[in-house]
Amino acid sequence: MKVSGKTRILGIFGDPVSHSLSPLMQNHALEAAGIDAVFVPFHVLPEQLGQAVEGIRALDLLGVNVTVPHKEAVCAYLDDIDPVARQIGAVNTIVNRNGRLCGYNTDGLGFLRSLQEDLGLHPQGLRILLLGAGGACRAALVALCQAGASQVTIANRTLARAEGLAMEFGQLFGGITIAASSLEPDALKLALADVDLVVNTSAAGLQGEAFPGFPWAAVPARSVFYDMVYGPGLTPWLTEAQRRYHPVAGGLGMLAGQGEEAFYLWTGKRPPFGAMRARLLAATAIR
């Protein structure tokens with residue numbers, strides 16, 4: 001990669017950020033596309049977020065990704081927020097348009113793309129169970145509702161949080177049944193009845209942990225499993241689902257998909273087909 005006086009800067013704001021695979025896949029795609037830009041990580045503490053956002057303008061950065069814990073808080077510092085990102089309540093991509101900072105959320109599009117590419121699945125008419133009720137859940141919920149899911153149930157350790165999301169989004173998407181559940185085994189048994197797709201939107205599995213007490217016996221034989229957590233190999237939860245002959249997919253496809261959409265927002269060009277996914281697969285292959 002050659003850096004010149006004309007090279008533009010892209011990056012990612014996070015705390016922590018050293019683990020991020022975004023620089024790896026974005027730089028690979030930029031080089032493959034022949035775009036004179038580099039993508040670098042910026043470790044931004046919560047109390048420095050406002051200054052960091054102003055730095056996008058001051059340094060004329062082309063744009064940045066935003067990851068935990070800043071996706072919601074960053075909205076307060078932007079000039080414009082895309083309607084989808086506003087619905088989700090979180091931004092993961094900022095585009096600098098001549099000093100005007102515009103926020104987008106590409107997580108939902110990345111998720112839908114991964115469902116299609118990794119599982120051959122489209123949400124139209126499906127009954128779906130989401131585990132967790134954080135920002136990733138909100139992005140998935142908006143994407144699934146817009147794609148025509150027939151029913152979405154949100155299961156969370158704190159039931160009140162799941163109920164709040166169900167009420168909020170039930171008012172936005174009136175034609176879709178949105179329900180809430182706790183993560184207690186007996187409640188999950190009811191939530192799993194007749195479900196087509198089960199999605200882990202929480203951080204469970206990030207450190208190799210499983211879902212204790214998950215009521216596998218209640219899962220319909222046709223159910224498909226998706227885990228937004230990614231890494232070398234399958235998470236323990238997906239490993240168990242696969243052992244029970246359910247189709248499964250991890251979050252690498254979503255990471256690549258959201259990155260491809262962000263790349264397009266920044267550059268106006270589509271990245272070379274499959275470049276980001278291939279680089280991620282190579283980087284996370286079990287050796």
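Residues numbered from 1 in each chain as written. Predicted model: local features only at pLDDT ≥ 70, side-chain atom pairs only at ≥ 80, totals over all residues. Heavy atoms only, no water.

Asker: Now, about helix 5 (residues 135-146): what can you tell me, with residues and values included?
Answerer: For helix 5, which comprises 12 residues, the first-to-last C-alpha distance of 17 Å matches the rise-based estimate of 16 Å (1.5 Å per residue) to within 8%. Buried positions along helix 5 lie against helix 3 (83-88), helix 4 (107-119), strand 7 (127-131), strand 8 (151-156), helix 6 (159-172) and strand 9 (177-182). Once helix 5 finishes, glycine 148 follows within two positions and takes phi at roughly 95°, a positive value. (Helix = DSSP H or I, 4+ residues; strand = E, 2+ residues; numbered from the N terminus. Expected span 1.5 Å × (residues − 1). Contact = heavy atoms within 4.5 Å.)

Asker: Provide a residue-level description of helix 2 (residues 49-58), including the pertinent values.
Answerer: By the burial criterion, the buried members of helix 2 are Leu49, Gly50, Ala52, Val53, Gly55 and Ile56. On its buried side, helix 2 packs onto strand 1 (8-14), strand 3 (63-66), strand 5 (93-97) and strand 6 (100-104). Following helix 2 by one or two positions, aspartate 60 has its phi on the positive side, about 55°. (Buried < 20%, exposed > 50% of the residue type's maximum accessible area, 1.4 Å probe, protein only.)

Asker: Outline the sheet that holds strand 7, supporting the account with residue identities and numerical values.
Answerer: Strand pairing in a sheet relies on backbone hydrogen bonds, with the paired strands running either antiparallel or parallel. Taking strand neighbours across the sheet as the criterion, the six strands line up as 9-8-7-10-11-12 in an open arrangement whose pairing is parallel. Across the chains shown, the open sheet's two edge strands, defined by having one partner strand only, are strand 9 and strand 12 (248-249). (Pairing = 2+ DSSP bridges.)

Asker: Explain the pattern of salt bridges to me, and be specific about the residues and the numbers.
Answerer: Taken as a whole, this structure holds 17 salt bridges when the rule is applied. Glutamate 261 serves as the salt-bridge partner of arginine 113, at 2.2 Å between the closest nitrogen and oxygen. Residue arginine 113 is located in helix 4, and its partner glutamate 261 is located in helix 9 (residues 252-267); the two are separated by 148 residues in the primary sequence. Across the salt bridge formed by glutamate 240 and arginine 243, the nearest N and O atoms sit 2.8 Å from each other. One end of the pair is glutamate 240 and the other is arginine 243, both in helix 8 (residues 236-243) and three residues apart, which spans about a single turn. The exposure class of arginine 243 is exposed, given its relative accessible area of 53%. Salt bridges here are not isolated pairs; linked through shared partners, they connect Arg113, Glu260, Glu261 and Arg270. (Salt bridge = Lys/Arg side-chain N within 4 Å of Asp/Glu carboxyl O.)

Asker: Describe the layout of surface pockets, listing the residues and the values that go with them.
Answerer: Here the largest pocket is characterised by a volume of approximately 1100 Å³. What lines the largest pocket is a set of 40 residues, and nearest its centre among them are Thr67, Val68, Lys71, Met228 and Tyr230. Mapped onto the lining of the largest pocket, the elements with two or more residues apiece are strand 3, helix 5 and helix 9. Across the lining of the largest pocket, the residue classes tally to 19 nonpolar, 18 polar and three charged. (1 Å grid on protein atoms, 1.4 Å probe; cavity = no way out; pocket = protein on both sides within 12 Å on 5 of 7 lines; lining within 4 Å. Points joined across faces, edges and corners; volume = space filled by probe spheres on them. Nonpolar A, V, L, I, M, F, W, Y, C, P; charged D, E, K, R; others polar.)

Purely geometric numbers; function is a separate question.
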